[in-house]
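Each chain, letter by letter, is given below.
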Amino acid sequence: MQAQVKAWGNSQGIRIPKEVLQEAAVSVDDVLDVKVSNGMIMLVKPFRHKSLEERAAEYGGQLHLDGEFDWGEPVGREIW
């Protein structure tokens, strides 16, 4: 695939097809780090820790942070 650099005000820009953004898990308004190395321009999605709310949503909002947790029967030389 090729893209053409175009003028955009006092800067330049490249349009990235929707399919490419979906494959890279990049959405509109995401912030990307721009890196240049050996003549290559790289757009990198920065690492971001998930909030507690985002983590809870992955488990249907149920974190179960209170009480004991059953890890199963002892294995090896564990002492209970």
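Each chain carries its own residue numbering, running from 1 in the direction its sequence is written. A pLDDT threshold of at least 70 governs which residues receive local features in this predicted model, and a stricter bar of 80 or more applies before side-chain atom pairs are shown or counted, although totals over entire chains, interfaces and linings include all residues. Values shown for side chains rest on all heavy atoms present in the structure; no hydrogens or waters enter the calculation.

- The protein chain carries the name AbrB/MazE/SpoVT family DNA-binding domain-containing protein in an unreviewed UniProt entry, which gives Butyrivibrio fibrisolvens as its organism.

**Notes on the overall build of the protein chain**
- Numbering of helices and strands runs from the N terminus; a helix is a DSSP stretch of H or I covering at least four residues, while a strand is a stretch of E covering at least two. The secondary structure content of the protein chain amounts to two helices and four strands.
- For the protein chain, the sequential pattern of α-helices and β-strands runs β-β-α-β-β-α.
- Considered along the principal axes of its C-alpha atoms, the protein chain spans approximately 65 × 30 × 20 Å.
- The buried share of the protein chain, reckoned over its 80 residues, is 4%.
- When checking whether two residues touch, look at their non-hydrogen atoms; a contact exists if any pair is within 4.5 Å. Nonlocal contacts in the protein chain, meaning residues at least 24 apart in sequence, comprise 3% of its contacts between residues at least 6 apart.
- A gap of 14 Å separates the mean positions of the 9 positive and 13 negative side-chain charges of the protein chain. With a 1.4 Å probe rolled over the protein chains alone, any residue whose accessible area is under 20% of its type maximum counts as buried; one over 50% counts as exposed, and the rest are partly exposed. Counting rule for charge: Lys and Arg are taken as positive, Asp and Glu as negative, and neither His nor the chain ends is counted. Note on charges: their place is set at NZ of Lys, CZ of Arg, CG of Asp or CD of Glu.

**Observations concerning the environment of D29**
- With respect to the element layout, D29 can be found in the loop between α1 (18–23) and β3 (33–37).
- Each C-alpha atom of the pair D29 and K18 lies 13 Å from the other, and the pair is eleven residues apart in sequence.

**With respect to the pairing of β3**
- With five bridges connecting them, β3 and strand β4 (residues 40–44) associate as antiparallel partners. Following the sheet pairing, S37 is matched in β4 by M40.
- Where β3 folds back onto β4 in an antiparallel hairpin, the turn is made up of two residues, including N38, whose phi is positive at roughly 50°. Paired strands are those between which DSSP finds at least two bridges.

**A short note on unusual backbone geometry**
- Positive phi, normally seen in glycine, also occurs at D29, with a value near 75°.
- Here D29 falls in the exposed class, since its relative accessible area comes to 73%.
- One non-glycine residue, N38, lies in positive phi territory at about 50°.
- With respect to the secondary-structure elements, N38 resides in the loop between β3 and β4.

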